[in-house]
Amino acid sequence: MNSSLRKERQRRKKSLRNWIIATIILSIVFVWLQQKGDLGEIWQDEIIPEPLPITGLHPVVAESEGVLVRMAARRGIEVVITHGYRSVEEQDALFAQGRSSSGNIVTNARGGESYHNYGLAIDFALRTPDGDIVWDMKRDDNGNGKADWTEVVDLAKELGFTWGGDWTNFPDYPHLQMDFDLTIRDLKRGKRPPTAQ
């Protein structure tokens, strides 16, 4: 084999090796950026405008909350909404509960990681005939043989809410949300549901 042919083969081998190394490095960077969440900011397929600050419940959630309370009242169940929109600061304080401040742990969501922070979630409780606010999932104050809590959850699901009690890793029984097919990651990136459905 002559030396020029050998040099050409070596050059091709080196070129192929360099191409493989570059492909591996680019693949690693791509996966890392995708997991980090910055890929959409580098190669955006859509422009997401700077969102307006959120200061209350989304109009669809607010309307559905009112409908839920009225539908439950027709069944003899008094629903009390205990939380709606929650600021990032309020969420962080709630997250600290049972960790760096006193009380029981009630959430695994830090500020910005809860649908409450985007006006898309509510929490509820029940008011007893004596006027007490309770989170008793077995009470049947309207006497129809079905737990009032379950009736409220069923009504909420009919209205399009998802129930935190269905979560397997950290059930949140008072929690109802409408996510509009948006993840927390989408919301953090500025995506918002339409205001009219």
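With an unreviewed UniProt entry as reference, the chain is termed M15 family metallopeptidase, source organism Paenibacillus amylolyticus.

S.K.: Help me out: how do you make sense of the pattern of salt bridges in this one?
M.R.: Two side chains with opposite charge may pair up if their charged atoms get near one another. Across all of its chains, the model carries nine salt bridges by this definition. When the shortest N-O distance is used, the salt bridge between Arg-127 and Glu-78 registers 2.9 Å. Residue Arg-127 is found in strand S2 (residues 121-127), and its partner Glu-78 is found in strand S1 (residues 78-83); the two are separated by 49 residues along the sequence. By relative accessible area, which is 30% here, Arg-127 ends up partly exposed.

S.K.: Looking at this model, I keep getting lost on the environment of Arg-139. Mind explaining?
M.R.: In this fold, Arg-139 is placed in the loop between strand S3 (133-134) and helix H5 (148-158). Arg-139 sits 11 residues away from Thr-150 along the chain, and the two C-alpha atoms are 9.5 Å apart. If we ignore the near neighbours within four places in the chain, the residues touching Arg-139 are Thr-128, Pro-129, Val-134, Lys-146, Ala-147 and Asp-148. A distance of 3.0 Å separates the side chain of Arg-139 from the side chain of Asp-141, its partner in a polar contact.

S.K.: Sorry if this is basic, but what is going on with unusual backbone geometry here?
M.R.: The general pattern is negative phi for most residues beyond glycine and trans for most peptide bonds. Positive phi is not limited to glycine here, since Phe-180 has a value of about 55°. Residue position: Phe-180 is located in the loop between strand S5 (175-177) and helix H6 (184-188). With a phi close to 60°, Asp-181 is a non-glycine residue in the positive phi region. Considering the arrangement of structural elements, one finds Asp-181 in the loop between S5 and H6. Look at Asp-181 and you get exposed, because its relative accessible area is 74%.

S.K.: Explain the nonpolar core to me, please; I cannot follow it from the model alone.
M.R.: Counting residues in each nonpolar core, the largest one holds 27 residues, and the members touching the most others are Val-79, Phe-124, Leu-126, Val-152, Phe-161, Leu-176 and Leu-187. Listed by contribution, the elements that provide at least two residues to this core are helix H3 (59-74), S2, H5 and H6. The contacts of Leu-187, once residues within four sequence positions are left out, are Tyr-115, Tyr-118, Leu-120, Leu-182, Arg-192 and Pro-193.

S.K.: Even after reading the chapter, I still don't get helix H4 (residues 88-96), so can you show me in this structure?
M.R.: Helical periodicity: at 3.6 residues per turn, an α-helix aligns residues three or four positions apart in one direction. All of the buried residues in H4 are Gln-91, Leu-94, Phe-95 and Ala-96. Positive backbone phi, approximately 80°, marks Gly-98, located one or two places after H4.

S.K.: What's the story with the packing of H3 against H5 in this structure? I'm lost.
M.R.: Helix packing geometry: the angle between the two helix axes and the distance between the axes. At a minimum axis separation of 10 Å, H3 and H5 run at an interaxial angle of 135°. Between H3 and H5, the crossing angle belongs to the class labelled oblique. When you trace H3 past H5, the crossing you get is right-handed. For the pair H3 and H5, the contacting residues are Leu-68, Met-71 and Ala-72 in the first and Val-152, Leu-155, Ala-156 and Glu-158 in the second. The class makeup of the residues in the contact of H3 with H5 is six nonpolar, no polar and one charged.

S.K.: Even after reading the chapter, I still don't get the packing of aromatic side chains, so can you show me in this structure?
M.R.: The geometry of an aromatic ring pair comes down to the distance between the two centres and the angle between the two planes. In this structure the tally under the stated criterion is two aromatic pairs. Ring centres of Trp-163 and Tyr-173 lie 5.9 Å apart, and the angle between their planes is 55°; this geometry places the pair in the tilted category. With Trp-163 in strand S4 (residues 162-163) and Tyr-173 in the loop between S4 and S5, this residue pair connects regions lying 10 residues apart in the sequence. Sitting over the ring of Phe-95, Arg-99 keeps its end group 3.9 Å from the ring centre.

S.K.: Even after reading the chapter, I still don't get the layout of surface pockets, so can you show me in this structure?
M.R.: The gaps of empty space that remain are located by a probe, the size of a water molecule, rolled over the atoms. Looking at the largest pocket, its volume works out to about 560 Å³. Those elements that place two or more of their residues in the lining of the largest pocket are S1, H4 and S5. Residue classes in the lining of the largest pocket are distributed as 10 nonpolar, 10 polar and four charged.

S.K.: Quick question: what am I supposed to make of a nonpolar patch on the surface here?
M.R.: A grouping of Leu-16, Trp-19, Ile-20, Ile-24 and Ile-28 is seen on the molecular surface, where their side chains present a nonpolar patch of about 540 Å² in accessible area. Mapping Ile-20 onto the fold places it in helix H1 (residues 3-36). On the basis of relative accessible area, Ile-20 is assigned to the partly exposed category, the value being 38%.

Thresholds, definitions, all that
Residues numbered from 1 in each chain as written. Predicted model: local features only at pLDDT ≥ 70, side-chain atom pairs only at ≥ 80, totals over all residues. Heavy atoms only, no water. Salt bridge = Lys/Arg side-chain N within 4 Å of Asp/Glu carboxyl O. Helix = DSSP H or I, 4+ residues; strand = E, 2+ residues; numbered from the N terminus. Buried < 20%, exposed > 50% of the residue type's maximum accessible area, 1.4 Å probe, protein only. Contact = heavy atoms within 4.5 Å. Polar contact = N/O pair within 3.5 Å; in protein donor to acceptor, adjacent residues only side chain to side chain. Core = buried A, V, L, I, M, F, W, Y, C linked by side-chain atoms within 4.5 Å. Axes fitted to C-alpha atoms, helices over the stretch in contact; angles between N-to-C directions. Parallel < 35°, antiparallel > 145°, perpendicular 65-115°, else oblique. Left-handed = near helix turned anticlockwise from the far one by under 90°. Nonpolar A, V, L, I, M, F, W, Y, C, P; charged D, E, K, R; others polar. Phe/Tyr/Trp six-rings, centres within 6.5 Å; stacked < 30°, edge-to-face > 60°. Lys NZ or Arg CZ within 6 Å of the ring centre and 35° of its normal. 1 Å grid on protein atoms, 1.4 Å probe; cavity = no way out; pocket = protein on both sides within 12 Å on 5 of 7 lines; lining within 4 Å. Points joined across faces, edges and corners; volume = space filled by probe spheres on them. Patch = residues over 30% accessible without salt bridge, like charges linked within 9 Å, V, L, I, M, F, W, Y side chains within 5 Å. Areas by Shrake-Rupley, 256 points an atom, 1.4 Å probe, with all protein chains shown as cover.

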